[in-house]
Amino acid sequence: MLEKTRITDIIAIGFPVVLLLSFFYIFIFDVPHAYIIDIGAKEDIDTNNIAYIQDLTTEGKLSLRMSNEGNTFRNMTGSPVYFNFTPEKEILNETDIIAELKFRGDSDLDIGVFRNYLWKPLYIKSFDAYTLARQFDDTAIYSMNEQIDYKDVDNLNEWILNNIPQYSSIRLYGISPSKFVNRNITYENADIEINQTFPGTNSFFIYINKDLNLTLQKQDLNVYNGEDIYSIELYDLDANLLFKDTFPDDGITDNSKKISSQVKRFSIESITEGLYELRLVNRKDDSNDDDSIITGLRLNTIRLITKGTTHILAPGTLYFELKHKKEISIKAGKEQTISIRGNDNKDVVIDKKLLDKWIQVKLEPGNYLVSVKGDVSISGANFAFAKDSLFQPFDYEINNESGDWIILSNYQVKKDQNGWVRARKIFKGSEFELLDNKTIVFGLAKNGNNEVAIDDFTIKTTYTGSNYMPVVWTDQIKDPASSVLDISNINAASGQSYSLDTLEAGKFCYIDRSYVFTSVPSKYIGLNYIKTANGGRYHNKANFLQFDVSKNVVVYIAYDDRISPKASWLSSFTDTGDNLVRDGSVNYSVFSRDFPAGHISLGGTSILTGGGGGTYVVIVKPVN
């Protein structure tokens, strides 16, 4: 009896202690809380749940629930879609919130949070062509090169200096450009006067120290009703606004087309020496209608060059420097010959046929000057209006449209063998505005018309910002076991243009029929396949279908089972025992064969005229 009492007492006392210790562990040691939306599950749009996806099926942004081999999902057919989470614990400014999406598709994806949805990249398809070179915490460096022997340096800045050649083209995401400012720029306290006419909004890189004295001349064109205002803005390299003032209207607010000139001086004091961005923003009643122009500017620093596309109305000369072979782009609004002189000498003749069209001009490295007669837009370099003003703002070419290198932070992507992708982004609670003071809302936007299958969306919350650190995926973006496979020069003897796609249930079998695959084994999902033409099934030429592959591959032939006997060339392939099924319950047996990198030739289907069956489909998998 005494023994039973002791056991009962232990349970009565011990159980509450265990609960208390668990509570203490979760809240004191900050174990992350996880919330998941199983997209495609029965209750994924139920607003009574803690976590749910907003029902946007009637708006054409989400498909109905879909499944494949027991896996449920929805197709994201429009953009954006929204995910709601109501955490059990308060979201603080220092709360870390890790958002993770599982999806499959060929579109870039951006993610944002309620209310302003300042979109950030969650997945960028073009990154597939890059190889991970080095990881520093959550900052990754990727290269277009497949493999290089890098100097092993533990500091991010030192690694860049030791391994990335100067003036290489770099794309930055979530990384401050201030890390790459040219250390050889020197400040010169000398006035510069630019007698040039700029319409619309223009941006400049400017190197200043202590203060900036800027004098602008403005003309209001008064083509439209309303006030014509220029906004004068100074930013640091992280896009933080440091100064803003306005150049007011000339007092004529109707559309009389009366032109009057104004002059105004702007002074900015107590500036730390460095590189900044100066923006002259043309505004009309808070819109961006161009109804006034800058006709001249004077400032107390000689270091000033253009940023982005520049449009100049008056005749003039621009100076620029290229550190490697490159194209500059020119568009003219009136007929003229644009002269480019330097290491290359080229004349660009603009006739009526070329007016208002962008023209690319390839140039070798070197120093150049370009002379124009006005009404010309030009981009592709940083241009100066005086030879002494020319300077290189960065040690590298910072270019977010293309680059030999990518340096990015807070971007993690991981792929599985079935083509599903997991992408993760980390937010701070300070970035959120809660819906009804309790609900976190994420927005997901896709670029392009390609559908994206979304499988689940998960968030994890931690509350100290220090006790829990998410594991950084080091095999991001690209499968480390393989290079990107290039399938090219696809040529069918029928003369039809076959196309490439990624295989999954719901995809079309052919380019000329509406048949779709209804069942695809998981190991083939996400692989490239050549979408053939059903109308080509009567061809029996030995080299009917030809294409090139950039690396060793396994070629799978999905062959319609209704065709008997099968083509003789298929005897060199091995029956995998797998099957694809298309609508109408038509079965396709899958045969495989290894091929080395290079040219591949396949025979025809060879069906007698009027016979049943369809052309085979080719699936291609890269191997090491």
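Residues numbered from 1 in each chain as written. Predicted model: local features only at pLDDT ≥ 70, side-chain atom pairs only at ≥ 80, totals over all residues. Heavy atoms only, no water.

Undergrad: Give me the sheet that holds strand β34 (residues 487–492): which residues, what numbers.
TA: Sheet architecture is open: 3 strands sit in the order β34-β38-β42, paired in antiparallel fashion. The open sheet has two free edges, formed respectively by β34 and β42 (598–602), since each of these has just one partner strand. Across this sheet, the average inter-strand angle for adjacent strands is 15 degrees, counted without regard to direction. The pairing of β34 with strand β38 (residues 545–549) spans 4 bridges and is antiparallel. Looking at the pairing, Ala 492 lines up with Leu 545 of β38. (Pairing = 2+ DSSP bridges. Helix = DSSP H or I, 4+ residues; strand = E, 2+ residues; numbered from the N terminus. Axes fitted to C-alpha atoms, helices over the stretch in contact; angles between N-to-C directions.)

Undergrad: Residues and numbers for the confidence of the model for the protein, please.
TA: Here the protein averages 86 in pLDDT, while 89% of its residues score no lower than 70. Across residues 17–29 the pLDDT falls below 50, and counting only partners more than four positions away or on other chains, this stretch makes 9 contacts in the model. When the criterion is pLDDT under 50, residues 465–470 qualifies, and its contacts beyond four places in sequence or with other chains add up to 15 contacts. (pLDDT = per-residue confidence, 0-100. Contact = heavy atoms within 4.5 Å.)

Undergrad: Help me get a handle on unusual backbone geometry, residues and values and all.
TA: The peptide bond linking Ser 79 to Pro 80 adopts the cis configuration, its omega dihedral lying at -5 degrees. One can find Pro 80 in the loop between β4 (71–76) and β5 (81–85). In this chain, Phe 114 is followed by Arg 115 through a cis amide linkage whose omega measures 20 degrees. Residue placement: Arg 115 occurs in the loop between β7 (108–113) and β8 (120–123).

Undergrad: Break down the pattern of salt bridges for me, citing the residues and quoting the values.
TA: Across all of its chains, the model carries 31 salt bridges by this definition. Note that Glu 433 and Arg 115 form a salt bridge whose closest N and O atoms lie 3.1 Å from each other. In this pair, Glu 433 sits in the loop between β31 (421–428) and β32 (440–447) while Arg 115 sits in the loop between β7 and β8, placing the two residues 318 residues apart along the sequence. Residue Arg 115 is classed as partly exposed on the basis of its relative accessible area of 49%. Its salt-bridge partner being Asp 501, residue Lys 531 comes within 3.3 Å of it at the nearest N-O pair. Separated by 30 residues along the polypeptide, Lys 531 in strand β37 (residues 528–531) and Asp 501 in strand β35 (residues 499–502) bring together distant segments of the chain. We classify Lys 531 as buried; its relative accessible area is 11%. (Salt bridge = Lys/Arg side-chain N within 4 Å of Asp/Glu carboxyl O. Buried < 20%, exposed > 50% of the residue type's maximum accessible area, 1.4 Å probe, protein only.)

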